[in-house]
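Each chain is listed here by its residues.
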Amino acid sequence: MDLVKTIADDEDVEEDNSEDESDVDKTKPSVLSKQAKGDFDNKFHFVGNIDEYHYDSWSELAKYVKEKKYVKRSIDERIAASTVSRKRQQDDDLTMAMPDVEVEDDADHLMSESYDVVSTKDKKGKKRPQRSGDLAGVKVEDDDGYFEKNKQFGQISSFHQMNLSRPLLKAITAMNFVTPTPVQAAAIPVGLLGRDICGCAATGTGKTAAYMLPILERLLFKPHGSSGTAVTRVLVLVPTRELGVQVFQVAKQLSQFTRIQIGLSVGGLDIKAQEASLRSNPDIVIATPGRLIDHIHNTPTFHLDDIELLILDEADRMLDEHFADQLNEIIKECSPTRQTMLFSATMTESVEDLATLSLKRPVKIFIDSNQSVAENLQQEFIKIRKNQENDREAILAALLTRTFHDHVIVFVPTKKGAHHLHVLLGLLGIKAGELHGDMNQIERLNTLKRFKEDEYDVLLATDVAARGLDIYGVKTVINYELPNSFQHYIHRVGRTARAGRVGRSVSLVGEKERRLFREIIRNSKNPVKSRSIPSEVIAKFKQDLEDMSVEAERILEEEATDKELKRADNTVCRADQIMNNKEPPAPGREWFEKRGQKRPQEDQPMEPMSGRKKKRLEDKQHRLQKKLSKEVHPLNWRHQRKMDALQKEADFQVRCAKRAGKQPRIRAFNDRNGMEDHSKPSRSFEVDLTNTSRQAVKKLKYKTTEFRKEERQAKKPFFGQGGRQTRVTKQGKKEDGFAGKKHGGFAGKKQGGFGGKKEGGFGGRKQGGFGGKKEGGFGGKKEGGFGGRKQGGFGGRKQGGSGGKKQGGFHGKKQGDP
Ligand SMILES: Nc1ncnc2c1ncn2[C@@H]1O[C@H](COP(=O)(O)OP(=O)(O)OP(=O)(O)O)[C@@H](O)[C@H]1O
C-alpha cells in the first residue's frame, strides 16, 4: 500500500519555495479564480531589462490607419531633391571658380549662439507666491455643498498605497511613474470608491492616468458586465482626434499586463476597422463625440446601454468646440446609474453647468485652474519692432539653426504659414514636419509619429496641437506669433515642462501683441527672460532665405499644380463611375444632424403640428424625395419628369377639346364677383330682377350687353385660321383672343392651328395658339390666348384674355374686362 512517506529527522530536505499555482487555485473561491484566469496574461514572462516593458502602442494603432497610396511626391521629397541639386550646383560653381583653394566661411562666427544677449526681466514690486503644504497649489473645494470634500486627499504619496492590482502596478513601474502627481493622488482613491469626480488640473499634470487607473482597476476587479457577456462598460470622450489617439496609447500602456480590450472611435481613421473593433464590444471605448454618434447609429450591436463609467476629458474644450448637443445626446444614451468623471483644465460656467447636469454628488478636485505656466518653464521673449515684422522668418531660422536644434514645437498662426515655413526651413537643412488641419488624419498621425521618433527635429504646428498633446521630451516651444488669449498661451507652452520636467518657451512679440505680453508677465511666478539676436545674424539669415525664396516658390507651385491635376483626375474618375454605375449607390450613413438640421429625437414626444406646418413639412419631404430620387437614379428621374409633363399636356388637351365641343354655358352673373353685398348671395338673381332702382337697371343693362358680346364671340369658329382677334372680346383687350390673334388658331400649321410647330395653335411652341409657349393662343405662355402667360387669352398672365393678369380678359388684372 502506498502511504505518504514521512520525513525522518536526519533526512535532508530540499527547499522548494515555489507554490503550486493549481493547488492555490483550488482553495480559492470560484469568483477569484475566474478573475485570475481572465485578468492575468498566461503568456506573461519576466524580462530582464526595464526597457523591454515599454509598449509599442503605435503598433496597436496601426489597425485603425488605412494607408493610402499617394502618387504625389511628399513635400519632404521635393525639398530633399531640391537640396541635392542645389548642393551639386554650388559644388560645381566652387570647383570652377577656385579649384585648389580651401574656403573659410566668414559668417561662421555668426552661427554661434553666444552672440545672443539673454537678460532677465524682473518684475517690479511683485513677490513670488508662497508654496503651502506638501502639495503646493492643491485644493479640494466644497464651495456650495453640491461638491463633496475628498477627505482622503493628501494622505497618499505612493501608488502602492492605492490598493491597485499587480498588473497595474507593474505597468506603472514600466512607464517610469514613481510617485503619483497631485491630481492622481487626489483622484484615484475617489475614483476607486465609485464616486463621481469633477476635476480641474493644469495641463500636463497627469490627468489621463488619474482617471484611467480607477477604470482599469474596476474592470479587473469586476471582469464582466452584469450579463456576463462582453459589453462596452467604459466610455472616454475627448474633444480631438489626436488626444483620442494619445489616450488610447496611454490606456494600452497601463493595461499592457491585463486582458482588457480597448477600442478607438475617432474621426479621420478607418471607419470599417473601428466598426469591426466596436462590434466585439471592447471593455473601454475612447471616442470623439462626432464619430461616436455615427457608430451608435450605424454600427449594429454597438450601444451605450451598459456604460458603467463615463469620462469627459478636456470638458471645457468640448464645450468650446460646440459639442454640447452631441454631448447631451451621448450622455442620454448612457445608463443613468453610471459613475461619471469630468476633467477640465479650466472651470468655466458652461463646464459647471455640464457637471451639474451629468454628475451626481461629485467630489470636486481642484488642483489648479490653469492660470499660470508650469513652475519649471523658462519663458523667453524676443521683441519684434514695427519695422522688423518681416524679420520673423529670419529670426526663427536663426533660433532653430543656432540655439534650439531639436525637440522643438513651433506654433504658427495659419496652416498656409506652417506649410510655407516647412519648405523654407527644409531648404535650410532643418528636419521639420508640419501639423495642421489641412492634412488628413493619417498624415497628421504620421507627422506626430516621426516627431516622437526623432525623425523630425522641429514640428511646425497650428493650434490643433496646442492642447492635450503629450510628446515626451519636448524641450522648447516657440511662438512665431503670440496667440489670441492668455489661456491659449498657457496651453501652447504646456507642451513642454510637463510632469515635473524642465522646458523653455520663446515667443516673438510684435507691437500689436504687447497687451498679452504684459498679461503673461503679470501672471508669471518666475522671472522671464528677454533674448535679442544681433542684427548681423538676422541680416545673414534674411539673405539666406531670400536666396532660397525662388526655389521655395517653385516647389510650392509644383505641388499646387500636382494637387490640381490630382483633383481633376479624381473628378474624371468620379464622373466615369457615375456613368458606368447603373446600380443605385448604397444608402448613406445615418446621422443625427445633417446640414444644420437636427434629427427629431426619438425619445422626445413630437409636438402636435398645425395643418400649415404639416403641409409645409410634407412638401419639403416630397421635394427631398424627388431630389433624392434624382441623386440616386438620374436617368429614371429625367424620364419620369418627361412623362409627367406629357401626361399634364394630354390631360389639358382633353379638357379643352371637351370644352370646345360644348355650347358655352348660359349663366346668371354672380354678383359675388362684383362689388355687391357678399352677405346675401343665394337670391341675387331674383334681387337683380326685382330691383328697380336706377343704379340696378343701369347695371343690369351693362351686364346684358356684356353677356351678348360674349355670346357672339362664342359663336365664332373655334378652329381654322383663327389667330388672335384684333378686336378683343371677353378674353383680351388688344392682342388676345380666345384662340390666339395673329398666329394662333387651334389647328394652324405654320401660323397657328392644332399641333403647329413654330407659330402653331394647339401645342404650338413659339407663337402657337392652344398650348403655344410663347405667343400662342390657348395655353400659350407669352402672348397666347387661352392659358397664355404673358399676353395670352384665357388664363394669360400679362395681357391675356380670360384669366390674364395684366391686360387679360376674364380674370385680367390691369386692362382686362371683368
Ligand atoms: N505619476 C507620474 N509620474 C511621472 N510622469 C507622469 C506621471 N503621471 C503622468 N506622467 C506623465 O506626464 C505627462 C502628462 O500626462 P497627461 O498627458 O496625462 O497630462 P494631462 O494633465 O492630461 O495634460 P493635458 O491637459 O495637456 O492633456 C505624460 O507624459 C505622462 O506620461
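Residues numbered from 1 in each chain as written. Predicted model: local features only at pLDDT ≥ 70, side-chain atom pairs only at ≥ 80, totals over all residues. Heavy atoms only, no water.

This part covers the nonpolar core. In this structure, Met-212, Ile-215, Val-236 and Ile-284 are the most contacted members of the largest nonpolar core, which totals 51 residues. Discounting chain neighbours no more than four positions away, the residues touching Ile-284 are Met-212, Ile-215, Leu-216, Leu-219, Val-234, Val-236, Ile-260, Gln-261, Ile-262 and Gly-263. Of all hydrophobic cores here, the second largest spans 38 residues; its members include Ala-397, Phe-541, Leu-545 and Leu-556. (Core = buried A, V, L, I, M, F, W, Y, C linked by side-chain atoms within 4.5 Å. Buried < 20%, exposed > 50% of the residue type's maximum accessible area, 1.4 Å probe, protein only. Contact = heavy atoms within 4.5 Å.)

Axis separation between helix H14 (residues 392–403) and helix H15 (residues 415–427) bottoms out at 11 Å; the angle between their running directions is 50°. On the basis of the axis angle, H14 is oblique to H15. By crossing handedness, the relation of H14 to H15 is classed as right-handed. For the pair formed by H14 and H15, the contact residues are Glu-393, Leu-396, Ala-397 and Leu-400 on the first element and His-420, Leu-421, Leu-424 and Leu-425 on the second. Looking at the contact of H14 with H15 residue by residue, the class counts come to six nonpolar, one polar and one charged. (Axes fitted to C-alpha atoms, helices over the stretch in contact; angles between N-to-C directions. Helix = DSSP H or I, 4+ residues; strand = E, 2+ residues; numbered from the N terminus. Parallel < 35°, antiparallel > 145°, perpendicular 65-115°, else oblique. Left-handed = near helix turned anticlockwise from the far one by under 90°. Nonpolar A, V, L, I, M, F, W, Y, C, P; charged D, E, K, R; others polar.)

Before going further, it helps to examine helix H16 (residues 441–452). Counted at 1.5 Å a residue, the expected span for H16 with its 12 residues is 16 Å, and the 16 Å between its end C-alpha atoms agrees. When we look at burial in H16, the residues that qualify are Gln-441, Ile-442, Arg-444, Leu-445, Thr-447, Leu-448 and Phe-451. After H16 finishes, the residue Asp-454 shows a positive phi value of roughly 65°. (Expected span 1.5 Å × (residues − 1).)

On to the site of the ligand, then. Around the ligand, the structure places 20 residues, and the nearest of them are Gln-184, Thr-203, Gly-204, Thr-208 and Asp-470. A distance of 2.6 Å separates an oxygen atom of the ligand from a polar side-chain atom of Asp-470. Summarising the interface, the protein chains cover 89% of the accessible area of the ligand, which totals 630 Å² for the free molecule. In this structure, the shell around the ligand is formed jointly by two domains, domain 1 (159–366) and domain 2 (377–541), each of which donates at least three residues. (Near = heavy atom within 4 Å. Polar contact = N/O pair within 3.5 Å; in protein donor to acceptor, adjacent residues only side chain to side chain. Areas by Shrake-Rupley, 256 points an atom, 1.4 Å probe, with all protein chains shown as cover. Domains from an automatic or database assignment.)

Residues Val-363 and Ile-365 of strand E9 (residues 363–366) are buried on one face, and the alternating residues Lys-364 and Phe-366, pointing to the opposite face, are buried as well. As paired elements, strand E3 (residues 197–200) and E9 share four bridges and run parallel to each other. Following the sheet pairing, Ile-197 is matched in E9 by Val-363. (Pairing = 2+ DSSP bridges.)

This part covers the UniProt feature "domain: DEAD-box RNA helicase Q" (unreviewed entry) in the chain. The UniProt record annotates "domain: DEAD-box RNA helicase Q" (unreviewed entry) at residues 157–185. Between the C-alpha atoms that bound residues 157–185 there is a distance of 7 Å. The span itself is 45% helix and 0% strand. (UniProt positions renumbered as here; feature names shortened; annotations may be inferred.)

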